[in-house]
Amino acid sequence: MALLEINHLQKSFGSLNVLKDINLQVEEGQVIAVIGPSGSGKSTMLRCATTLEQADAGDIYYDGEPLIHMVNGEAVRADKQQLKKIRSFFGLVFQDYNLFPHFTVMRNITEAPVHVAGVSKEKAEERALQLLATMGLSGKENYYPSQLSGGQQQRVAIARALVKRPRILLLDEPLSNLDARLRLQTREEIRRIQRETGITTVFVTHDQEEAMSISDQIVVMKSGLVQQIGRPQDVYDDPVNLFVAKFLGTPPINVFEGRIENGQLWIGQAAVLPAPAAQPQKVYVGIRPEGFIPDPEGPLECRVHAVEVMGRDTSVVCSHDAASAQIRAIIDAENKISGKTVRFRLRPAKVDAFHIETEERIALS
Ligand code: ADP
Ligand code: MG
């Protein structure tokens, strides 16, 4: 049984259909990143799962305990007793920390366990000190939030979420209020804390790099629907549609107009890859920056605009009439690009074709 299971979750605000049909299973010990553009419903999903918002329909189970579930088409909701139990399952961390400014670090962490959950002050403080050590914040227990950096405050918020020993930690964009340096540092801290505690974690972010670096599984959302769930590398290499392909990767995937004809994938007059499994049709061709290999005999010729040497790799900025935007190819620095044009052959694993209307991926071979 999954630790958290969400089936066909729906939520509207008035006529705004924010969650259309969300399905998600979180297994014990996993780190799951939920990503998607702003407004895609990530926070609403988390808020529904943590009783801050009431879902309209669907099932939410914590280890089999229903927060909401459908019986003969009617939503049955948890009663007071069940709610109490469900709330003990999760710890929640927000983007803006929500620490009490006039409480010390220690009191911020122990307030809820002592005054809500009835844990003894002694026990709560003992746990808090342990957590602060895990967070790298030993000795800060009598500080006030304003005396800490943003990254430290966020770690206090995580300690506060963990002090009640939840089975699942839910974080809504916990790094977005931090500057770039602290963000990276705190991201690594969160990953370390997760490894040390082994706690099941659901992490919401709009930053795909953050998601790829921290998670076992990523869930890509768009307009209230889950587009794809999978291991970061699998979703990156085998996106189900053009949206997912474009959402993942820096620099982003390069998109060309192309077609399938005579069992080949064409861009303009160039047959770039065999495509024996695909029907003749117009397609979008997505090529990852690392999918280009310079080759004087290669089929795809591009105009070179700039060559940026970045140590081990070289980034070639170029253009092609079939691509509406500039193309960025990342190639091995050993390749010297000098002329006005460059020819490439392509790595098949880094190339995907997409249906011109549905934008769904088309298998080439
Ligand atoms: P995300 O976290 O992915 O950015 P949200 O879940 O916050 O997205 O919001 C999804 C959509 O729901 C947005 O269009 C937002 O304006 C709307 N929304 C969120 N909360 C409310 C609310 N309480 N009342 C009305 N609309 C809301
Ligand atoms: Mg949000």
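Since we're looking at a predicted model, the values are computed, not measured.

What counts as what
Residues numbered from 1 in each chain as written. Chains lettered and ligands numbered in written order. Predicted model: local features only at pLDDT ≥ 70, side-chain atom pairs only at ≥ 80, totals over all residues. Heavy atoms only, no water. Domains from an automatic or database assignment. Contact = heavy atoms within 4.5 Å. Buried area = accessible area lost by both parts, 1.4 Å probe. Salt bridge = Lys/Arg side-chain N within 4 Å of Asp/Glu carboxyl O. Polar contact = N/O pair within 3.5 Å; in protein donor to acceptor, adjacent residues only side chain to side chain. Nonpolar A, V, L, I, M, F, W, Y, C, P; charged D, E, K, R; others polar. Near = heavy atom within 4 Å. Helix = DSSP H or I, 4+ residues; strand = E, 2+ residues; numbered from the N terminus. Disulfide = S-S within 2.5 Å. Buried < 20%, exposed > 50% of the residue type's maximum accessible area, 1.4 Å probe, protein only. Lys, Arg positive; Asp, Glu negative; His and termini not counted.

Further remarks concern the domain arrangement of the chain. Split by domain assignment, the chain resolves into domain 1 (4–240) and domain 2 (251–362). Between domain 1 and domain 2, the C-alpha centre-to-centre distance is 39 Å. The partner domain 2 presents nine residues to the six residues of domain 1 that form the contact. For the pair domain 1 and domain 2, the summed buried surface comes to about 590 Å²; carbon and sulfur atoms form 31% of the total. Taken as a group, Y236, D237 and P239 account for 71% of the area that domain 1 buries against domain 2, more than any other trio of residues on that side. Where domain 1 touches domain 2, the interface holds two salt bridges. Put simply, domain 1 and domain 2 have five residue pairs in polar contact (both at pLDDT 80 or more) between them. Taken together, the residues of the side of domain 1 that touches domain 2 break down into three nonpolar, one polar and two charged.

With that settled, consider the site of ligand 1. The environment of ligand 1 is made up of F13, L16, V18, P37, S38, G39, S40, G41, K42, S43 and T44. Within the contact set of ligand 1, an oxygen atom lies 3.0 Å away from a backbone nitrogen or oxygen of G41. Within the side chain of K42, an N or O atom sits 2.8 Å from an oxygen atom of ligand 1. Secondary structure elements with two or more residues in the shell around ligand 1: β2 (16–26) and α1 (42–49). When residues in the shell around ligand 1 are grouped by element, the largest group, three residues, is from α1.

All right, on to the side chain of N7 then. Note that N7 resides in strand β1 (residues 4–13). Here E5 takes part through its side chain, which lies 3.1 Å from a polar atom of the side chain of N7. With sequence-adjacent residues up to four places away left out, N7 is seen in contact with I22, N23, G58, D59 and Y61.

Here we come to the state of the cysteines. Covalent bonding between the sulfur atoms of two cysteines defines a disulfide. This model, assessed by the stated rule, comprises zero disulfides. Left unpaired, C302 is separated from the closest cysteine sulfur, that of C318, by 4.4 Å. Exposure remark for C302: the relative accessible area of 1% places this residue in the buried category.

Turning our attention to the side chain of E5. Within the secondary structure, E5 is located in strand β1. For the buried E5, no salt bridge exists, and the shortest N-O distance to an oppositely charged side chain is 12 Å, to R167. Setting aside residues up to four positions removed in sequence, E5 forms contacts with L24, Q25, D59, I60 and Y61.

Of the consecutive residues T250 and P251, the connecting peptide bond is found in the cis state with omega at -10°. Within the secondary structure, P251 is located in the loop between α9 (242–247) and β12 (254–261). Phi is positive for T51, close to 65°, though the residue is something other than glycine. Tracing the sequence through the fold places T51 in the loop between α1 and β4 (57–62). Although it is not a glycine, N98 sits at a positive phi angle of roughly 55°. Structurally, N98 can be placed in the loop between β7 (90–93) and α3 (105–115).

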